[in-house]
Amino acid sequence: MASWSLYVFLLLLSCDVAFLKKKKTEKKENILARGWGDDITWVETYEEGLKIMQESDKPLMVIHHLLECPYSQALKKAFAENNSIQKMAKEDFIMLNLVEETTDPNMAPDGYYVPRILFVDPSMTVRADIAGKYNNRKFAYESEDLDFLKENMEKAKKPYHTEL
Ligand SMILES: *[C@@H]1O[C@H](CO)[C@@H](O)[C@H](O)[C@H]1NC(C)=O
């Protein structure tokens, strides 16, 4: 009798642990998503992104933003709500969103501003040729520019060959 109740007790205890573990990983993903899409696996740092990019041979998409910036918020909302963009991000890219700048000057070809999106090809080339609509801030996108962003994601998916 005593051993039977001990068994039940242990079983309940292990269920609880599994539940806690699951909750913890989900929470961690949400933190890295920062609202840009909870179903996407986000890398945490630029260095990690470059490493996984080379291993997976998928391009890296880097979204610079700030939580308090209304333009970042608007783009984030449009990006997170658009299924086809989310699908591409999930399947074809290594994804990184950053609220702090990297130390790589190639991540700021025309200055530091947000929102700013840059693509890196698995050959380690920052695709400064893939720009948005605005001449003064070439890598900025507004929430209405999702069609443009989608086209640029298509471009970034194709392997980049430097002309030698
Ligand atoms: C997602 O964005 C694409 C490209 O701009 C657009 O064609 C499509 O209608 C959008 N879908 C939704 C659900 O907003």
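This one's a predicted model, so the numbers in the text were calculated from it and none came from an experiment. Each chain carries its own residue numbering, running from 1 in the written order of its sequence. With pLDDT at 70 or above as the cut-off, local features in this predicted model cover only qualifying residues; side-chain atom pairs require 80 or more to be listed or tallied, and sums for whole chains, interfaces and linings still use all residues.

### Observations regarding the overall build of the protein chain
- The way it works is that DSSP assigns letters per residue, a run of H or I at least four long becomes a helix, a run of E at least two long becomes a strand, and they are numbered from the N terminus. When helices and strands are counted, the protein chain shows 5 helices and 4 strands.
- Scanning the protein chain from its N terminus toward the C terminus, one meets helices and strands in the order α-α-β-α-α-β-β-β-α.
- Every one of the 164 residues in the protein chain was classed for burial, and the buried ones make up 23%.
- For every residue pair, C-beta atoms are placed from the backbone, and the pair is scored as a contact if these atoms sit within 7 Å. Sequence-distant contacts, at least 24 apart, represent 71% of the contacts inside the protein chain between residues at least 6 apart. Residue burial is a threshold on neighbouring C-beta atoms within 10 Å of the residue's own C-beta, all placed from the backbone, with 20 or more meaning buried, 12 or fewer meaning exposed, and counts in between meaning partly exposed.

### Some remarks on the sheet that holds strand β4 (residues 125–126)
- Strand order in the open sheet formed by 4 strands is β2-β1-β3-β4, with mixed pairing between adjacent strands. What marks the edges here is a single partner per strand, and that holds for β2 (94–98) and β4.
- Relative to β2, strand β1 (residues 60–64) runs parallel, the two being bridged by 5 bridges. In the strand pairing of β2, His64 is matched with Leu98.
- Between N-to-C directions, angles cover 0 to 180 degrees, with each direction set by a line fitted to C-alpha atoms, over the stretch in contact for helices. Sitting on the sheet, helix α2 (residues 46–56) touches β1, β2 and β3 (116–121), and the angle it makes with β2 is about 170°. Think of it this way: DSSP has to see at least two bridges between two strands before they count as a pair.

### A few points about the site of the ligand
- Each residue receives a C-beta atom built from its backbone; the residue is near a molecule or strand if that atom lies within 6 Å of it. Near the ligand you find Asn82, Asn83, Ser84, Ile85, Leu146, Asp147 and Lys150, and these make up its full shell.
- Elements that contribute at least two residues to the shell around the ligand include exactly α4 (83–92) and α5 (146–157).
- Its residues placed into classes, the shell around the ligand shows 2 nonpolar, 3 polar and 2 charged. We call Asp, Glu, Lys and Arg charged. Ala, Val, Leu, Ile, Met, Phe, Trp, Tyr, Cys and Pro are nonpolar, and the rest, Gly among them, are polar.

### Quick notes on the nonpolar core
- Nonpolar cores are identified as sets of buried Ala, Val, Leu, Ile, Met, Phe, Trp, Tyr and Cys residues joined via C-beta atoms within 7 Å. In terms of nonpolar packing, the biggest core is built from 26 residues, with Leu60, Met61, Val62, Met95, Ile117, Phe119 and Val120 touching the most fellow members.
- Of all the secondary-structure elements, those providing two or more residues to this core are α2, β1, α3 (70–81), β2, β3 and α5.
- Setting aside residues up to four positions removed in sequence, Val120 forms contacts with Leu50, Met53, Pro59, Leu60, Val62, Thr125, Val126 and Arg127.

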